[in-house]
Amino acid sequence: MGAHSANRSAAKKMQRLIYIGLAGGAGTLVRYWLSEWTARRFGETFPTGTLVVNLAGCFLAGLLFYLMFDRYLVNPTVRTVVLIGLLGGFTTFSSFGLQTFTLLRDGEVGLALFNMAISNAGGLLMVWVGYSLAKIL
């Protein structure tokens, strides 16, 4: 591979990273807006805003995954920008839901159950560990 080709490849990778970052920022802003709107509308006793964002993100992940992989041939960079950048900024729970669904769809029920258990129980455990560690520091 020549120097020109290597430079072009590096420029394309950088451009892709910039698009992912911009989409992630947009997803984060939409998450903030939707969470705030939901909290104002329904109160903050229960984390309704987070629940709405997580469920909406999972719905969009499934919808967009099907449309971009099965229904239409969409450029891999566009898929990455939308699914990882935009939805990743909106909620990483959508990635968890999509990856667990893919395991189930592929017949990997044991791995899907393991992913659900370790992600949820492990996540709660790590919140407690971080909280406990911060208290003693």
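Scroll up a little and you will see the structure.
## Side note on the packing of aromatic side chains
Link 1 in the chain: Per the counting criterion, the structure on display carries 3 aromatic pairs.
Link 2 in the chain: Seen in terms of ring centroids, W33 and W37 are 6.4 Å apart; in terms of plane orientation they differ by 20 degrees. Their pairing is stacked. With W33 and W37 both in helix α1 (residues 3-42) and 4 residues apart, the pair spans about one turn of that helix.
Link 3 in the chain: According to the relative accessible area criterion, W33 is exposed, its value standing at 51%.
Link 4 in the chain: Between the NZ or CZ atom of R79 and the centre of the ring of F69, over which it lies, the distance is 4.3 Å.

## Observations concerning the environment of T48
Link 1 in the chain: Counting through the fold element by element, T48 comes out in helix α2 (residues 48-71).
Link 2 in the chain: What makes T48 buried here is its relative accessible area of 18%.
Link 3 in the chain: Apart from residues no more than four positions distant in its own chain, T48 is found in contact with T38 and F42.

## Brief notes about a nonpolar patch on the surface
Link 1 in the chain: A contiguous nonpolar patch, built from M14, L17, I18, Y19 and L22 and spanning about 530 Å² of accessible area, is present on the exposed surface.
Link 2 in the chain: Among the secondary structure elements, L17 is positioned in helix α1.

## A short note on the pattern of salt bridges
Pairing of side chains with opposite charge becomes possible as their charged atoms draw close.
Link 1 in the chain: The final tally for this structure, using the stated rule, is 1 salt bridge.
Link 2 in the chain: Between D106 and R105 there is a salt bridge; the shortest N-O distance is 3.4 Å.

## Thoughts on the packing of α2 against helix α4 (residues 93-105)
Link 1 in the chain: At a closest axis distance of 8 Å, the pairing of α2 and α4 adopts a crossing angle of 50 degrees. It follows that α2 is oblique to α4 by the angle criterion. Like other packed secondary-structure pairs, α2 and α4 cross with a definite hand, here right-handed. Counted together, N54, G57, C58, A61 and F65 of α2 and F93, S94, G97, L98 and R105 of α4 form the full contact between these two elements.

Cut-offs used in this document
- Residues numbered from 1 in each chain as written.
- Predicted model: local features only at pLDDT ≥ 70, side-chain atom pairs only at ≥ 80, totals over all residues.
- Heavy atoms only, no water.
- Phe/Tyr/Trp six-rings, centres within 6.5 Å; stacked < 30°, edge-to-face > 60°.
- Helix = DSSP H or I, 4+ residues; strand = E, 2+ residues; numbered from the N terminus.
- Buried < 20%, exposed > 50% of the residue type's maximum accessible area, 1.4 Å probe, protein only.
- Lys NZ or Arg CZ within 6 Å of the ring centre and 35° of its normal.
- Contact = heavy atoms within 4.5 Å.
- Patch = residues over 30% accessible without salt bridge, like charges linked within 9 Å, V, L, I, M, F, W, Y side chains within 5 Å.
- Areas by Shrake-Rupley, 256 points an atom, 1.4 Å probe, with all protein chains shown as cover.
- Salt bridge = Lys/Arg side-chain N within 4 Å of Asp/Glu carboxyl O.
- Axes fitted to C-alpha atoms, helices over the stretch in contact; angles between N-to-C directions.
- Parallel < 35°, antiparallel > 145°, perpendicular 65-115°, else oblique.
- Left-handed = near helix turned anticlockwise from the far one by under 90°.

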